[in-house]
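# Residue-level structural notes
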Amino acid sequence: MAGNSQAPFHILLVEDEPVIRELVRSMLSDGTVDVVCAANGLEGLKLARSQTFHLILMDVVLPQLDGISVCRILKSDPATSAVPLYMLTAKAKKSDMESATLAGADGYIHKPFRGAELMALVERLRAGPLKTEPA
């Protein structure tokens, strides 16, 4: 990530695998990006409601409360509904992706993911809202 003087970009990663949590944190944290991790769905839900995040990365299969349920709850709450939420998961069937979309997920990143894919997503979101071209 390019070092710049922007305000910190806060990411919530909800992932039960410690290796993946550490990989994503080390890949994205650079002083201008802060990654906060939760190991289960309930912890992720509490963190998402108690702090302001610019991006939420959520596994689907999580202990205590699955990622689809957490996504649905966050997207139905006006306080958190505008936060981009991307599923980060190995569940790659079409039905899994449809469930995530119906729950309100803004995107779907398959494991194993490429580091460049995550970094590009963060850079795109940091740049601000997408400008749409006139039809």
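Note that the structure is predicted; figures quoted are calculated from it, not measured.

It is worth spelling out the UniProt feature "modified residue: 4-aspartylphosphate" (unreviewed entry) in the chain at this point. If you check UniProt for "modified residue: 4-aspartylphosphate" (unreviewed entry), the listed places come out as Asp59 in our numbering. Dropping the residues within four chain positions of it, aspartate 59 is found in contact with Val14, Glu15, Asp16, Gly67, Met87, Leu88, Thr89 and Lys111.

Next up on the list: the UniProt feature "domain: Response regulatory" (unreviewed entry) in the chain. In the numbering used here, UniProt assigns the "domain: Response regulatory" (unreviewed entry) feature to residues 10–126. For residues 10–126, helix accounts for 44% and strand for 21%, while the C-alpha atoms at its two ends are 10 Å apart.

A few words on the confidence of the model for the chain. Note that predicted coordinates carrying low pLDDT should not be read in detail. Residues with a pLDDT of 70 or more make up 90% of the chain, whose mean pLDDT is 90. Low pLDDT, under 50, characterises residues 131–135; the predicted model gives this stretch zero contacts beyond four residues in sequence or across chains.

This paragraph deals with the nonpolar core. Across soluble globular proteins, nonpolar side chains show a tendency to be buried alongside one another. Counting residues in each nonpolar core, the largest one holds 24 residues, and the members touching the most others are Leu12, Ile56, Met58, Leu74, Leu85 and Met87. Elements with a contribution of two residues or more to this core: strand E1 (9–14), strand E2 (33–38), helix H2 (41–50), strand E3 (55–58), helix H3 (67–75), strand E4 (85–89) and helix H4 (94–103). Broken down by element, the residue count for this core peaks at four residues, all from H3. For methionine 58, the residues in contact, after removing those within four places along its chain, are Val14, Gly67, Val70, Leu74, Leu85, Tyr86, Met87 and Leu88. Judged by nonpolar contacts, the second largest core, of 18 residues, contains Ile11, Leu13, Leu118 and Leu121.

Okay, the pattern of salt bridges next. When the charged atoms of two side chains lie near each other, side chains of opposite charge can form a pair. One pass over the structure, following the stated rule, counts five salt bridges. Residues arginine 49 and aspartate 77 are paired through a salt bridge, measuring 3.8 Å at the closest nitrogen-oxygen approach. Taken as a pair, arginine 49 in helix H2 and aspartate 77 in the loop between H3 and E4 lie far apart in primary sequence, 28 residues in all. Because the salt bridges share partners, they merge into one network encompassing Glu15, Asp59 and Lys111.

Right, let's talk about the pairing of E4 for a bit. Taken across its five residues, E4 has five buried, putting it largely inside the fold. Burial along E4 is two-sided: the residues Leu85, Met87 and Thr89 and Tyr86 and Leu88 are all buried. Where E3 meets E4, three bridges bridge the pair, whose relative direction is parallel. Paired with leucine 57 across the two strands is tyrosine 86, which belongs to E4. Following the backbone out of E3, through H3 and into the adjacent parallel E4, one traces a crossover that is right-handed. As paired elements, E4 and strand E5 (residues 107–110) share four bridges and run parallel to each other. Note that in E5 the partner of threonine 89 across the bridge is histidine 110. For the crossover that starts at E4, traverses H4 and ends in the parallel E5, the hand is right-handed.

The rules we used
Residues numbered from 1 in each chain as written. Predicted model: local features only at pLDDT ≥ 70, side-chain atom pairs only at ≥ 80, totals over all residues. Heavy atoms only, no water. UniProt positions renumbered as here; feature names shortened; annotations may be inferred. Contact = heavy atoms within 4.5 Å. Helix = DSSP H or I, 4+ residues; strand = E, 2+ residues; numbered from the N terminus. pLDDT = per-residue confidence, 0-100. Core = buried A, V, L, I, M, F, W, Y, C linked by side-chain atoms within 4.5 Å. Buried < 20%, exposed > 50% of the residue type's maximum accessible area, 1.4 Å probe, protein only. Salt bridge = Lys/Arg side-chain N within 4 Å of Asp/Glu carboxyl O. Pairing = 2+ DSSP bridges. Right-handed = clockwise from strand over helix to strand, strands pointing away.

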